[in-house]
Every structure is written in structure tokens, then in C-alpha cells.
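# Geometric and topological summary
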Amino acid sequence: MEARLPRGFGDRGPQELAAMRGMLEKIRTTFELYGFEAVETPFIEYTEALGKFLPDLDRPNEGVFSFQDDDDQWLSLRYDLTAPLARFVAEHFDALPKPYRSYRHGYVFRNEKPGPGRFRQFMQFDADTVGAPGVSADAEMCMLMADTLEAVGIKRGDYVIKVNNRKVLDGVMEAIGLAGDENAARRLIVLRAIDKLDRLGPEGVAALLGTGRKDESGDFTKGAGLEPKAIETILAFTSAKADSALDTLANLGVVVSGSAIGAEGVAELAEIASLVAAGGYEDGRIVIDPSVVRGLEYYTGPVFEAELTFEVKGEDGKPVRFGSVAGGGRYDGLVARFRGEPVPATGFSMGVSRLLSALSVLGKLGGQAEAQGPVVVLVMDKDQIAHYQKLVSTLRQAGIRAELYLGGSGMKAQMKYADKRHSCCVVIQGSDEREKGEVLIKDLILGATLASAPDREAYLKAQAEAQFAVSEAGMIEAVHKVLARHA
RNA sequence: GCAGCUAUAGCUCAGUUGGUUAGAGCGCUAGAUUGUGGAUCUAGAGGUCCCCCGUUCGAGCCGGGGUAGCUGUACCA
């Protein structure tokens, strides 16, 4: 049998885990600063509880991982943290304070093709406000997004939070005659085309809105089949973004003129813009951008997403496209599915895995590179293991991470082992030292700097300088000293 | 899903017009060099040449099918 992992899943080593722990802690601190409280839901929910937003209930494994319980009911691994929260809020509605402000993090699962920064299991960190109808809740989400990105080490100017509104998009649809249920499918195609603006450019989007588009491998994607005039309207909409929020809003107002829902959306955006400005975030951190769509069907109002603005290059030197590192929006219909009464809600998720992956490609995780390993006590004489074990215990009781070498190899291999563990130092006691009641403490980091020598003899001589003998009683103090030297 | 490309040692890859026992570098293990990470030297382990079928006296190499991976595209709640 071959040891292998399904694609899109990954094992995580100590440095990645440490980086993730650090990032989660920073996000949590920021979210709590805003007054959100922790709540967690399980990995698995009833498939129907995750939403009618599944693309196709007849094929429950399309997009989500699903399986049947022993009572034949369909269960699914959660694909985000929002749908489970909606279930939780609906179930405990009467006991929760309204508005209810909560956060959570955890792995979510998507059964789809992985890519750079895209995994089938990934970590999200999520914040939601349920029961707040006004756009001030949406504006707060945008500001929290900005503060959180900076808390995890992304500099101001290296990210942008783009805000749009589903109602404005609906207004545009009305303007090109795609209103009504009978046009829902075509509206979706149009929305997806708009979503690709940053990747394909206006020409690519125009092709997708019209007859279709051929990609570089020669594959053809069928278009929405819109009239040239309608395409023009949409491109006018996507290019409505101007240097200032006021100008952008004015442009949007023109595109949606005549549509009540569109005007409402623009008014909401205007209010968000002024709230954001009042908070001091209108310095390029949070901008109105009509090209933001968000794929989800459940959004009903403002939508927002965070993107990194610097270029990330892969190993081949080509730019890597990571997509958004956080996203969210208003979903007034999601809790209502369980309660039969409208419950306004808004929230967003940070893509922790994607952020980590972007920062690591960027080399920005290097700071905490290799954590220091434990002190290793070498085994020089196998019949003295009990005594070596006692030395290890002594170190541990002093709060020093330490371990006994448990392998079967010789001294040289033991040194190599300690090296690979990134140990700061090793404790050596051969028969010479034992007779004197001493131990040798070798500083491996100092030793590494003395490694270049013309021959073996000189090398060993240099290595001897990196070690010193102390009495067994003085071991703790000496090890502390070496650890402090390299802290 | 669709399209293109790829598949040989743990990793990166050679492998001639189809020809005996499939190689290199790195890594790994052990030994030598006084009881010490490096350097050097010696030795060793490690392969279903992705799988199946076909062509051929003979296939790592040619043909067909399958599988997996990569890239693009679609989808991404």
C-alpha cells in the first residue's frame, strides 16, 4: 500500500502549526476587542441545515462532503461557518441577546478542485452580528476586517477591503431587463462574469457576457448571450469605481437610475461610506468597488471582501493568484429559513489557511522559523541509562525542555539527531566525566559557527571550544546560561 | 466537468534509432579519521521505469485504454 494523501489536504508541521496558533490568537484578540463572544459548532450538520444553497441536492457530494447516517438522513461536513451559525442562532434564539455578536474558528471542507491557496480542508475565522438590521453593522464588519488584517501583520496599503451591494447589482439587472424569477439563471451567469473582472479584464468579461470565451488551452466557455447594449451597461457599472467614494456613488446612481432597489443599494453604500469615513478608514483601506460580487446566493445586501494588493510570486517566478483572504456580507434570509420570521444578519470569514499560505509564499513567516528543540541528553554508556534518565528528570523539574536519546545509534548519530531537532545544547557524560561527577555541556549553536576547519583534527579542536564541563549539581545553571545565550 | 501537458530511486532529473545487469547528483544508513554536527574518504540500503492490453525475437522508449499529478478553464454556497 502506498502512503498518500488525497489532494487538497495537507499535513502540518510544527512551524506551520506555530504560525497558525499565533495568527489565530491575534485574530481572536481583535475580535474580542470589538465585543464579540466565542461560540463553536460541530464539523457535521444535517445537509439540509447547511442550506438550499447546495448546487444540487440530488448529488450531495458535489461541492460538499456528504454521507448518510444510520437512519439514512444526509449529513455533511460544514463548508463554511456561517450556515452552521444560522442553525445555532435559530435553535437558541430566545436565549441569546439581540443583537447577538459571536466569533468562532475552525476547519471547513469543500469537495472541489484545489489550487494555490485553495484547499479541501481549510481554516476560517468568522464573526457575525445577528439581529442588527442597519448598515452600521455591515460597516463595523469592514472595519473589523481591516483591523484584523493589520493585527496579523499585513501592512496598511498591502490590502484593500472592497464593498459592494447586492441591491445595486439587482438594480443593474433590472436596467438590462433581467429582472424576475424567469431570468434567475442568466442573472447568475452575468454575476459570475462580473466576478472575473480582475482576472480576465473587461474584454474577457464582455466575451462571457456575449457569445462566449475561449481560454488558452482552447476550451470554450459559453456566454450569457446579452445584447451589446446590455454588455455596455454592465461594463459601465463595473467601471463605475472612481477615485473617491462620492464619485463612485454618483456613477452608480446613474447606472441604476430608474430602479428602486438599485437606488436603495446605492443609498446603503453611501451610508457605509460615511460611517467608514467617520471611523477614519476611508484612506484606501475600505473602498466602494462595483466589481465585487461574491459567489454566494444567500447575500441580500452589502457584500465585502479583502484582497492583498501586493504580488505574490510562486517558485517559478510567476505571480500566484490567491483570491480574497476574507469575505462576507449581509444574509438576512439565512436564519429566517429556520424561524419563519425575518432575522437580519451580517458577518464575514477570514481565510486563515489562505492568509498563512500567502504569507509563507511571501516569506513573511520566516520570523519564527525553526523553534528551538529540547536539550538532548546523550547516551554514552547503555548500562548508565538510569542515570542519564535522572539527568533528564532534573532538567525537566527545572522547567527545561529535555529528552533522553532513545535511539540505538552511536555518539555521532546522536549529535546529528540533536542537530536535526534544533537543540540548543546537549548534555554529555562519558566515563571520564562520570568519574569526576561532571557533565559536558555542548553549545550546538556556538559549535555550528566553528564548523569550518581545514581538517578533522582542527575541526575537533574547534568543537571542543563550544563545550565545557560542570559538576552535576551545576548542570541546571549552566544549561540555563546556554539557553539564555541563544534566546 | 472540459482542455493541454506530464508520470524512471526519498528528492531533482539523465536514459541514444527499441537491444544484455536502468544511471547521476543530492539525501539516507554504517564505517574510517582519538569520544562530537562540518569537510573528506569507503561501503551499503533504496526501483513493479504509474497500471493494463497490444506491436515486436526483444519495450523505460512505439500504439491503445485506464489511473494519478500539474496548468488553464468551469464551479467555488
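What comes next concerns the included structure. (Residues numbered from 1 in each chain as written. Chains lettered and ligands numbered in written order. Predicted model: local features only at pLDDT ≥ 70, side-chain atom pairs only at ≥ 80, totals over all residues. Heavy atoms only, no water.)

## Quick notes on the overall build of chain A
In terms of helices and strands, chain A carries 18 helices and 20 strands. Here chain A has a C-alpha radius of gyration of 29 Å; the compact-globule value for 487 residues is 23 Å, and the former is much larger. Residues classed as buried in chain A amount to 46% of the 487 residues present. For chain A, restricting intrachain contacts to residue pairs at least 6 apart in sequence, the fraction spanning at least 24 positions comes to 69%. With the model as given, the accessible surface of chain A reaches about 24500 Å², and the carbon-plus-sulfur share is 52%. (Helix = DSSP H or I, 4+ residues; strand = E, 2+ residues; numbered from the N terminus. Rg over C-alpha atoms; globule rule 2.2 N^0.38 Å. Buried < 20%, exposed > 50% of the residue type's maximum accessible area, 1.4 Å probe, protein only. Contact = heavy atoms within 4.5 Å. Areas by Shrake-Rupley, 256 points an atom, 1.4 Å probe, with all protein chains shown as cover.)

## Overview of the nonpolar core
Among the nonpolar cores identified, the biggest contains 78 residues, and Phe31, Ile161, Val163, Val190, Leu226, Phe348 and Val352 are the most heavily contacted of them. Looking at this core, the element that brings in the most residues is helix H4 (residues 135–151), giving nine residues. In contact with Ile161, not counting residues within four places along its chain, are Cys142, Met145, Ala146, Arg285, Ile286, Val287, Phe304, Glu305 and Ala306. Residues Val379, Tyr388, Ala402 and Met475 belong to the second largest nonpolar core, which totals 29 residues. (Core = buried A, V, L, I, M, F, W, Y, C linked by side-chain atoms within 4.5 Å.)

## Let's talk about the pairing of strand S15 (residues 345–351)
Of all seven residues in S15, seven are buried, a share of seventy percent or more. Burial along S15 is two-sided: Ala345, Gly347, Ser349 and Gly351 and Thr346, Phe348 and Met350, pointing in opposite directions, are all buried. As judged from the seven bridges shared by strand S6 (residues 121–130) and S15, these two strands associate in the antiparallel manner. Its bridge partner being in S15, Thr129 is matched across the sheet by Thr346. (Pairing = 2+ DSSP bridges.)

## Things to note about a positive patch on the surface
Taken together, Lys412, Lys416, Lys420 and Arg456 make up a surface patch of like positive charges. Ranked by residue count, the leading element in the positive patch is helix H14 (residues 411–420), at three residues. In this structure, Lys412 sits in helix H14. (Patch = residues over 30% accessible without salt bridge, like charges linked within 9 Å, V, L, I, M, F, W, Y side chains within 5 Å. Salt bridge = Lys/Arg side-chain N within 4 Å of Asp/Glu carboxyl O. Lys, Arg positive; Asp, Glu negative; His and termini not counted. Charge placed at Lys NZ, Arg CZ, Asp CG, Glu CD.)

## Some thoughts on the sheet that holds strand S3 (residues 66–68)
Taken together, three strands build an open sheet; the order of strands is S2-S4-S3 and the sheet is antiparallel. Each having just a single partner strand, strand S2 (44–46) and S3 make up the two edges of the open sheet. On average, adjacent strands in this sheet sit at an angle of 35 degrees to one another, irrespective of strand direction. Relative to strand S4 (residues 74–77), S3 runs antiparallel, the two being bridged by three bridges. (Axes fitted to C-alpha atoms, helices over the stretch in contact; angles between N-to-C directions.)

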